[in-house]
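What follows is the residue order along each chain.
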Amino acid sequence: YMKSVSKLYKTKGQLFYHPVRLALTGVMSGQEIPKQLSMLNFAKNIEFNDEVAVKHMEERMQILSAFLETIPAEFKEPKQEEPKEAAKPAETATAAPVASAAAPTTEGQSSSGFESYDGPAITSLDIRVGEIKECWNHEEADRLFCETVDLGEVDEDGKPKLRSIASGLREFYENPEDLVGRKVLVLANLKERKLVGFPSHGMLLCASNEEHTEVQLISPPVDAKIGERITIPSIDFEGESGAPMKENPLQKKKVLEKILPFLTTSKYGVPEFCGMPFMTSAGVCTSSINDGTVG
């Protein structure tokens, strides 16, 4: 079935499987698509009550189509590489500067979120793609999971250096083993601190509904690279101006607390800063919480 659909639409690989997985599950990672299709086919013959969040294929495809309509036009087509030419002196002197982190250009996108924002630069935060290697229940805290997370860091000998992080997710995830192997977003430039005796160095980013009765981890694309930094369209994350803040001044100046009110999820569950999506080299990040907050 998947081969026939791929042939019909003349597409394959990531451009085919990622949108289909997103349409079926609402997230960018999970089981193989044929297994998901089998489960959906099985679910067609079952009557679910309103509390069970199961959507059939037709409804999920409608949601996917609506989501695709919200993607800015500049991201719908691959950029064409233009031949490099030596810049003329006059052109070099009058060239427009790169958009800064505090005042990004917003061509083709809504600027309403930026008009009301006068806080610290979003580049102050060092948000990176990580992978949970271990996860277990905290021995003394009923609400905490303890995790070891791979952020692509290495020690002085070049060996992998894993982060220890504690997260208050136990009431939202029944089995800690379900999180092992999952890719996540980690706020990496937080000072290490002890949470009920456990040294925690970083924070897993989650999406939450308004009542905080639903909290779910944000998912980067399955092909996102471990350790790569999350970016925001039209904001310069390169160079000195785009470098994240050091741990001590970030905490002392309460930068995270000032930025958090502007981190939300869209009506399709996409984590955003002032209406601009969290991006990786493999595409946009996702969550299962619509119109929520990020933290």
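Notes on the structure in this doc start here. Once a new chain begins, its residue numbering starts again from 1 and follows that chain's sequence as written. pLDDT decides what is reported in this predicted model: residues at 70 or higher carry local features, side-chain atom pairs at 80 or more are listed and counted, and totals for whole chains, interfaces and linings draw on all residues regardless. Heavy atoms from the whole structure form the basis of all side-chain values; hydrogens and water molecules are not counted.

### Remarks on unusual backbone geometry
And then number 1: In the Ramachandran plot, Val196 falls in the positive-phi region, its phi being about 50° despite a non-glycine side chain.
And then number 2: By the criteria applied, helices consist of DSSP H or I runs no shorter than four residues and strands consist of E runs no shorter than two, each listed in order from the N terminus. Looking at where Val196 falls in the secondary structure, it is placed in the loop between β5 (193–195) and β6 (198–200).
And then number 3: Positive phi values are uncommon outside glycine, yet His212 reaches one of about 65°.

### Describing the pattern of salt bridges
And then number 1: By definition here, a salt bridge exists when the distance from a side-chain nitrogen of Lys or Arg to a carboxyl oxygen of Asp or Glu is within 4 Å. What the rule picks out here adds up to four salt bridges.
And then number 2: The residue Arg229 makes a salt bridge to Asp126 at a minimum N-O spacing of 3.7 Å. With Arg229 in the loop between β9 (215–217) and α7 (247–252) and Asp126 in the loop between α6 (112–115) and β1 (127–137), the pair connects residues that are 103 residues apart, well separated along the chain. Neither Arg229 nor Asp126 differs from the other in exposure class; each is buried.
And then number 3: The closest approach of N and O atoms between Arg163 and Glu153, which form a salt bridge, is 2.9 Å. Here Arg163 is found in strand β3 (residues 163–167), whereas its partner Glu153 is found in the loop between β2 (145–150) and β3, with 10 residues between them in sequence.
And then number 4: Exposure classes here rest on a 1.4 Å probe applied to the protein chains alone. A residue is buried below 20% of its type maximum, exposed above 50%, and partly exposed in between. By relative accessible area, Arg163 is classed as buried at 9%.
And then number 5: Owing to a relative accessible area of 27%, Glu153 belongs among the partly exposed residues under this scheme.
And then number 6: Taken together, the salt bridges that share partners define one network made up of Asp126, Arg128 and Arg229.

### A word on empty space enclosed by the protein
Where empty space is left becomes clear once a probe the size of a water molecule has been rolled over the atoms.
And then number 1: Cavities and pockets were defined on a 1 Å grid built from protein atoms only: a cavity is a group of points that admits a 1.4 Å probe but offers it no way out, a pocket is an open group of points flanked by protein on both sides within 12 Å along at least five of seven lines, and a lining residue is one with an atom within 4 Å of any such point. Grid points are joined across faces, edges and corners, and a volume is the space filled by probe spheres set on the points. A full pass over the atoms with the stated rule returns two cavities of 30 Å³ or more.
And then number 2: Residues are grouped as follows: nonpolar covers Ala, Val, Leu, Ile, Met, Phe, Trp, Tyr, Cys and Pro; charged covers Asp, Glu, Lys and Arg; every other residue, Gly included, is treated as polar. For the lining of the largest cavity, the residue count by class is seven nonpolar, one polar and no charged.

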